[in-house]
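Residue-level listing of the chains:
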Amino acid sequence: MEPEEYRQRGKEMVDYICQYLSNVRERRVTPDVQPGYMRAQLPDSAPMDPDSWDNIFGDIEKIIMPGASSPACTELEMNVMDWLAKMLGLPEKFLHHHPDSVGGGVLQSTVSESTLVALLAARKNKILEMKVSEPDADESSLNSRLIAYASDQAHSSVEKAGLISLVKIKFLPVDENFSLRGETLKKAIAEDRKKGLVPVFVCATLGTTGVCAFDSLSELGPICDAEGLWLHIDAAYAGTAFVCPEFRLFLEGIEYADSFTFNPSKWMMVHFDCTGFWVKDKYKLHQTFSVNPVYLRHANSGAAIDFMHWQIPLSRRFRSLKLWFVLRSFGVKKLQAHVRHGTETAKFFESLVKSDPLFEIPAKRHLGLVVFRLKGPNWLTEKLLKELSSSGRLFLIPATIRDKFIIRFTVTSQFTTREDILRDWSIIQHTAAQIVSQNDGLHRISSDDGARIPAMVVEPSSDAISNASQLYLDGGKSKPPSRKTVVQPKKLSVSPSTCVISQQVKGQGDPLDDCFPEDVQDVTKHKLTSFLFSYLSVQGKKKTARSLSCTSVPVTGSLEQCNPKAAAADEESRASARVLSSLPEDMMMFKKSAFKKLIKFYSVPSFPECSIQCGLQLPCCPLQAIV
């Protein structure tokens, strides 16, 4: 719908509402229809082609208003959820109107709520099964033995569902494609059964939040079926893509699912809140959520679907109306074209990222989601995201995969063009070049002051942008600038090449720069020496393998007794690593009292006997020489 028509139709809708309010006294207080009245007035499936707004608007008075607001709300929802299930290729067991089905679909507020509802239903069903063999057991004690499973890439809402339901959740490792596999689940179930736990629920993700990875339904499904576990499928973002038959290969194994949920509000152009949730057995929801006080009974109680027994709240919004509008306004074909457009546009963005050697794509692209990061330490990508967000021109969401900080870029709007993508990429590329230029400057420490750090570059020159990749990736071709160094006491001399803190890529500057994700602006505020600042900055960070918090004790004996390989290293190896040898002279001459006063409010590691954190048998921690 074009903007001008949208404005016109909006005015018509306001006029209709005003007319309704003016004539409300002439309408029935309760509807004069029977359960199922709408079924004959709607087609069995969603239209393939767009319908005109005149036809849609006319059906509001003709079909909806005679049953408003209930049972029209329930009747339309049942029909539209059947439309949607058929569009996605879901099994017939999820349909309301099928002779062999005892399931159906309902619109929930969010996927988070749907997952919680599924887990509560699975928990109730399993406890009822357990009470058959343990009739005297308390339900709370039975509940304490239950355990559920999801991949370590699952959404945080799965964890929250476990917290609310008091069911333990075990997050299982994924394979190299970030997919949960059958053998992993099978092994976890066997281990937990040996511990006396009762497996109850598996949440499989189709399109993970981080990288849009897909768990292996074809492997997980048979295991859940054999072990008696409820299989719930979270397809929050990716579910919309299943309107296209070419993407349904990810649904292989869907026949084993007990429940399925996705968000039309994410990629199907339906306004929030609108979440589709299907179950294969509605009676398992009834036994979990049914309450029957006298004030909730009505003439058709038990004869018609009552969605208050399918969810946590009692009251409901008329969510199916907006979904009905979208399905009819676009039709299946245009919705399929919309998904394909988003996927192709994401491919275009992916090609741009791949063409720039500053960036890497750490996970395979699926559908319309591309993940990328700057090569190098995580703080570079964090800095990039911060700058992009503060610019107000892009809104991007981060994630973490295998200790790598990544940025997610997804295309879901029907209005996104290649020009928009080029504009976005230009902003990202320009900002990244500026950050890399700043990083390159950080490594260029002036020789007359071992701790001086240059001011931040506000705007990179055109040369900096065009040559940023070379600056960052030239490896060992350019030698680092010389520094003023002092010789350490003999008992502390050690080949730094054997120490974790000296590990680096040649030509990429000070290895300590990878120890802390500090902004350049913050770095320039410090007047401490390079070594001390780097040491204090890593305290409390998780990257202990890259920090200076070695817990070994100084060795007074010869180096050969501690580490023969280190003692045999030649002078060239000693000169190539610049960490221990770069301690400024004033640092080495620090008075003990002055040093203690300086570090009063910082965390300094203890030095217990024979506790070598870095695992490389260092003869001492350098700071011990100071204190």
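Note that this is a predicted model, so its numbers are computed, not measured.

Trainee: Before we move on, could you go through the side chain of Q153 and cite the residues and values that matter?
Mentor: Inspection of the secondary structure assignment puts Q153 in the loop between β2 (146–151) and α6 (156–165). The buried category is assigned to Q153, whose relative accessible area is 13%. Of note is the side chain of Q153, whose polar atom sits 3.3 Å from the side chain of D152. Ignoring sequence-local partners within four residues, the contact set of Q153 consists of V174, F178, T208, T209 and I401.

Trainee: Could you give an account of the packing of helix α2 (residues 53–64) against helix α11 (residues 319–354), with specific residues and numbers?
Mentor: Between α2 and α11, the least distance of the axes is 10 Å, while the angle of their chain directions is 145 degrees. Judged by the twist between their axes, the crossing of α2 over α11 is right-handed. Judged by residue contacts, W53, N55, I56, D59, I60 and I64 of α2 engage L321, W324, F325, R328 and S329 from α11. Grouping the amino acids of the contact of α2 with α11 by side-chain chemistry returns seven nonpolar, two polar and two charged.

Trainee: Can you explain the packing of aromatic side chains? Please cite residues and give values.
Mentor: Each aromatic ring pair is specified by the distance between its two centres and by the angle formed by the two planes. One pass over the full model with this rule turns up 13 aromatic pairs. Residues F359 and W425 carry aromatic rings whose centres are separated by 5.2 Å and whose planes lie at 55 degrees to one another, so their mutual orientation is tilted. Highlighted residues: F359 in strand β8 (residues 359–360) and W425 in helix α13 (residues 418–442), separated in sequence by 66 residues. Here F359 and W425 have matching classes, each one buried. Clustering of aromatic rings is evident, with ring pairs tying together Y16, W53, F57, W324 and F325.

Trainee: So what about the environment of V167? Which residues, and what values?
Mentor: Mapped onto the secondary structure, V167 falls in the loop between α6 and β3 (168–172). For V167, a relative accessible area of 3% puts it in the buried group. Among residues more than four places away in sequence, those in contact with V167 are L119, R123, N143, L146, I147, A148, G162 and V200.

Trainee: Describe the sheet that holds strand β4 (residues 198–205), listing the residues and the values that go with them.
Mentor: Ordered in space as β1-β7-β6-β5-β4-β2-β3, the seven strands form an open sheet in which the pairing is mixed. For this open sheet the edge positions go to β1 (104–108) and β3, each flanked by a neighbour on one side alone. Here the strands of the sheet are splayed against their neighbours by 20 degrees on average, with no regard to which way each runs. Two elements, strand β6 (residues 259–262) and strand β7 (residues 275–279), share four bridges in a ladder whose sense is antiparallel. Residue S259 lies in a different strand from β7, and its bridge partner there is V279.

Trainee: Outline the sheet that holds strand β9 (residues 369–374), supporting the account with residue identities and numerical values.
Mentor: Pairing is antiparallel across the open sheet formed by four strands, whose spatial order is β8-β9-β11-β10. Taken across any chain shown, the strands that pair with only one partner, and hence form the sheet edges, are β8 and β10 (397–401). The pairing of β8 with β9 spans two bridges and is antiparallel. When the sheet's bridge partners are listed, F359 is paired in β9 with L374. Along the sheet, helix α12 (residues 378–391) contacts β8, β9, β10 and β11 (404–410); its crossing angle with β11, the most-contacted strand, is approximately 35 degrees.

Trainee: Tell me about the nonpolar core, and name the residues and values.
Mentor: Counting 82 residues, the largest nonpolar core has Y149, L185, F260, W278 and L367 as the members making the most contacts within it. Residues V117, L119, V198 and L285 belong to the second largest nonpolar core, which totals 32 residues.

Trainee: Let's hear about unusual backbone geometry: which residues, and what values?
Mentor: Following F272, the chain continues to D273 via a peptide bond in cis, the omega torsion being 0 degrees. Mapped onto the elements, D273 comes out in the loop between α9 (264–267) and β7. Although it is not a glycine, L367 sits at a positive phi angle of roughly 55 degrees. With respect to the element layout, L367 can be found in the loop between β8 and β9. The class for L367 is buried, based on a relative accessible area of 4%. Positive phi, normally seen in glycine, also occurs at D403, with a value near 65 degrees. On the secondary structure map, D403 appears in the loop between β10 and β11.

What counts, and where the lines are drawn
- Residues numbered from 1 in each chain as written.
- Predicted model: local features only at pLDDT ≥ 70, side-chain atom pairs only at ≥ 80, totals over all residues.
- Heavy atoms only, no water.
- Helix = DSSP H or I, 4+ residues; strand = E, 2+ residues; numbered from the N terminus.
- Buried < 20%, exposed > 50% of the residue type's maximum accessible area, 1.4 Å probe, protein only.
- Polar contact = N/O pair within 3.5 Å; in protein donor to acceptor, adjacent residues only side chain to side chain.
- Contact = heavy atoms within 4.5 Å.
- Axes fitted to C-alpha atoms, helices over the stretch in contact; angles between N-to-C directions.
- Left-handed = near helix turned anticlockwise from the far one by under 90°.
- Nonpolar A, V, L, I, M, F, W, Y, C, P; charged D, E, K, R; others polar.
- Phe/Tyr/Trp six-rings, centres within 6.5 Å; stacked < 30°, edge-to-face > 60°.
- Pairing = 2+ DSSP bridges.
- Core = buried A, V, L, I, M, F, W, Y, C linked by side-chain atoms within 4.5 Å.

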